[in-house]
Amino acid sequence: MKKNIAIFASGNGTNAENIVRYFRDKGTAEVKLVLANRPDAFVLQRAERLGVPAFYVNKEEWKEGTRVLQLLADHGIDFVALAGFLLRVPDNVLHAYTGRMVNIHPSLLPKFGGKGMYGDRVHQAVLDAGEAESGITIHYTTEQYDEGGIVCQQKCPVLPGDTPDSLAQRVHALEYEYYPRVIESLLQ
Ligand code: GAR
């Protein structure tokens, strides 16, 4: 049976949009819900344009988890994908979706992960460390930031003259290519 996906996101939402479009084309699953932790997160506008139900959930509600669990239940959600989501997921939600919730991180974990490591901060740290390669990690979500079991890693080179922006673009390309496919394989 077709599975229902929810996406948690905090910002721009290009991965969220890519996942929505991928499953619309494939028909193997459907993104039924987008939750954001900021009222001005652009992902909310993207979701509205795409016709996907989307809600802002405030900080207190994210800490407590009850409203999130209710929204997930109301939309019959089987699987949750974090895509640029910067808050910790509350324990009650984590436990309800053990083995059914993944995160994507824009580096080769365990390198350059942990609290406060997101977006351009990650890419800047990779450049500062003089790494020859970077990439993406898709992993199960647990109580600790960026520490769950790794499902998939993909690498890209760090090139001479790279800026956080140019590296981010290369990493985003990997995210768009692999994240929906990995979600799809986990749903089967
Ligand atoms: C993505 O690169 C994702 O890997 C990263 O935020 C970006 C969100 O972009 N996530 C983290 O850094 C989590 N620690 P998007 O909003 O355009 O999808």
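Below: a short report on this structure. (Residues numbered from 1 in each chain as written. Predicted model: local features only at pLDDT ≥ 70, side-chain atom pairs only at ≥ 80, totals over all residues. Heavy atoms only, no water.)

**Overview of the packing of helix H6 (residues 119–128) against helix H7 (residues 164–187)**
(1) Moving on: Two elements in contact, H6 and H7, have axes whose closest approach is 9 Å; the angle formed by their N-to-C orientations is 110°. Between H6 and H7, the crossing angle belongs to the class labelled roughly perpendicular. Residue-level contacts link Asp 120, His 123, Gln 124, Val 126 and Leu 127 of H6 to Pro 164, Asp 165, Leu 167, Ala 168 and Val 171 of H7.
(2) Moving on: Of the residues contributing to the contact of H6 with H7, the split by class is 6 nonpolar, 2 polar and 2 charged. (Axes fitted to C-alpha atoms, helices over the stretch in contact; angles between N-to-C directions. Helix = DSSP H or I, 4+ residues; strand = E, 2+ residues; numbered from the N terminus. Parallel < 35°, antiparallel > 145°, perpendicular 65-115°, else oblique. Contact = heavy atoms within 4.5 Å. Nonpolar A, V, L, I, M, F, W, Y, C, P; charged D, E, K, R; others polar.)

**Considering the pairing of strand S4 (residues 79–82)**
(1) Moving on: What you see with S4 is no split at all: Phe 79 and Ala 81 on one side and Val 80 and Leu 82 on the other are buried throughout.
(2) Moving on: Pairing geometry for S4 and strand S5 (residues 101–105), over 3 bridges, is parallel. Bridge pairing links Ala 81 to Val 102 in S5.
(3) Moving on: Note that the unit made of S4, helix H5 (residues 91–96) and S5 has a crossover that is right-handed. (Buried < 20%, exposed > 50% of the residue type's maximum accessible area, 1.4 Å probe, protein only. Pairing = 2+ DSSP bridges. Right-handed = clockwise from strand over helix to strand, strands pointing away.)

**Some thoughts on the nonpolar core**
(1) Moving on: Membership of the largest hydrophobic core comes to 39 residues, with the highest contact counts inside it found for Ile 5, Ile 7, Val 31, Ile 138, Tyr 179 and Ile 183.
(2) Moving on: Per-element accounting of this core gives the leading share, 8 residues, to H7.
(3) Moving on: Discounting chain neighbours no more than four positions away, the residues touching Tyr 179 are Asn 15, Ile 19, Ala 81, Leu 82, Ala 83, Val 102, Asn 103, Ile 104, Ile 138 and Leu 174.
(4) Moving on: Counting residues in hydrophobic clusters, the runner-up holds 18 residues, among them Phe 8, Leu 35, Val 93 and Met 101. (Core = buried A, V, L, I, M, F, W, Y, C linked by side-chain atoms within 4.5 Å.)

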